[in-house]
Amino acid sequence: MERRDVQGHYEELAAEYDEHWVYGTDYIPWMSARIAETLRLTASDRIADIGCGTGLFAREVAKSVRPTRPVLCVDPSEAMLRQIGMPPPPGLAPVLASAEEIAEANVDLPYGRLDAMWLKESVHHLPDPARTLRGLVGRLAAGGRLLVVMLPATIQYPLFDSALRRFEELQPDPFSIVEHLTAAGMEAGLSHVEHELRIDRDRYFGMVRARYMSLLSTFSDHEIEQGIEEMRAAHPESVLVFPDRFAFVLGELPNERGEGE
């Protein structure tokens, strides 16, 4: 039976989420630095990580940027936010809310407007990305920046064939995100970054079995085991080496926008 409850998927995965995302010692610092550089974050910025999960990237960004106000860690999963810590570490402020709730201004934020926000591999979960992104843009101050970090339309992961096909069926095109941000009044552009992953083969099989990617939650246990056998035959090497390529869609508002704090 397929599982399509995304929030339920992450509730189940929360306790072991970090171990599946820390591919190597340099991955989290590398991605966090790319996010901070692309958004040109400064200590005075009011910042939010929308769909933060356990706060892996927000934590690293806060360490490097040292914002004067905590980074808002926004996620609809209470189980994921609990992994940030209670009380949360300095520099982070958990907010239990979905991207849609933030976009519709149904949740009061500590800051009247935000200067920068990012969505890391969560845009594909949005039922209506155009509307939600437009609403998120509405929470930004003049000169605000919004970064959508997402996988491209195709990936070179060593997954089984049906998982790769399903990924291509479900993954939005980054160019459509550029169009959504442009329609919301931003100047938007697309760039790509790439990081080489080296993961022990059996560890990666365990990550697949744990459904570390949400698309894997659409496969039954039997289908996952069949997929792993397919992967085992295709990859006899003990260490899997493959590129992790990301699309970075950056939108920027003009500086003359009125704020209405």
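Residues numbered from 1 in each chain as written. Predicted model: local features only at pLDDT ≥ 70, side-chain atom pairs only at ≥ 80, totals over all residues. Heavy atoms only, no water.

A few points about the confidence of the model for the protein
Link 1 in the chain: Of all residues in the protein, 89% have pLDDT values of 70 or greater, and the mean over the chain is 90.
Link 2 in the chain: Contacts for the low-pLDDT stretch residues 1-7, under 50 throughout, to residues beyond four places or in other chains number 14 contacts. (pLDDT = per-residue confidence, 0-100. Contact = heavy atoms within 4.5 Å.)

Some details on unusual backbone geometry
Link 1 in the chain: Along the chain, Met-86 connects to Pro-87 via a cis peptide bond; the corresponding omega equals -5°.
Link 2 in the chain: Residue position: Pro-87 is located in the loop between helix H5 (78-82) and strand S3 (92-96).
Link 3 in the chain: A positive phi angle, close to 55°, is found at Arg-66, a residue other than glycine.
Link 4 in the chain: Structurally, Arg-66 can be placed in the loop between helix H4 (56-65) and strand S2 (71-75).
Link 5 in the chain: Using a relative accessible area of 64% as the deciding quantity, one classes Arg-66 as exposed. (Helix = DSSP H or I, 4+ residues; strand = E, 2+ residues; numbered from the N terminus. Buried < 20%, exposed > 50% of the residue type's maximum accessible area, 1.4 Å probe, protein only.)

So, the packing of helix H10 (residues 201-209) against helix H11 (residues 221-234)
A pair of packed helices can be characterised by two numbers: the angle between their axes and the separation between those axes.
Link 1 in the chain: For the pair H10 and H11, the least separation of the axes is 10 Å and the interaxial angle reads 160°. With respect to each other, H10 and H11 are oriented roughly antiparallel. The crossing of H10 and H11 is right-handed. Residues Arg-201, Asp-202, Tyr-204, Phe-205, Val-208 and Arg-209 of H10 form the contact with H11, whose participating residues are Ile-224, Glu-225, Ile-228, Met-231 and Arg-232.
Link 2 in the chain: A breakdown of the residues in the contact of H10 with H11 according to their chemical character gives six nonpolar, no polar and five charged. (Axes fitted to C-alpha atoms, helices over the stretch in contact; angles between N-to-C directions. Parallel < 35°, antiparallel > 145°, perpendicular 65-115°, else oblique. Left-handed = near helix turned anticlockwise from the far one by under 90°. Nonpolar A, V, L, I, M, F, W, Y, C, P; charged D, E, K, R; others polar.)

Overview of the pattern of salt bridges
Link 1 in the chain: Applying the stated criterion to the full structure yields 12 salt bridges.
Link 2 in the chain: Across the pair Lys-120 and Glu-121 runs a salt bridge whose closest N-O atoms are separated by 2.5 Å.
Link 3 in the chain: A residue is classified by how much of its surface remains accessible, and Lys-120, at 7% relative accessible area, is buried.
Link 4 in the chain: What makes Glu-121 buried here is its relative accessible area of 14%. (Salt bridge = Lys/Arg side-chain N within 4 Å of Asp/Glu carboxyl O.)

Details of the pairing of strand S4 (residues 114-120)
Link 1 in the chain: In terms of burial, S4 is a largely internal element, seven of the seven residues being buried.
Link 2 in the chain: Where strand S1 (residues 47-50) and S4 come together, four bridges link them in parallel fashion. When the bridges of S4 are listed, Ile-50 appears paired with Leu-119.
Link 3 in the chain: Chirality of the crossover, the property in question, places the unit of S4, helix H7 (residues 129-137) and strand S5 (residues 140-150) among those that are right-handed. (Pairing = 2+ DSSP bridges. Right-handed = clockwise from strand over helix to strand, strands pointing away.)

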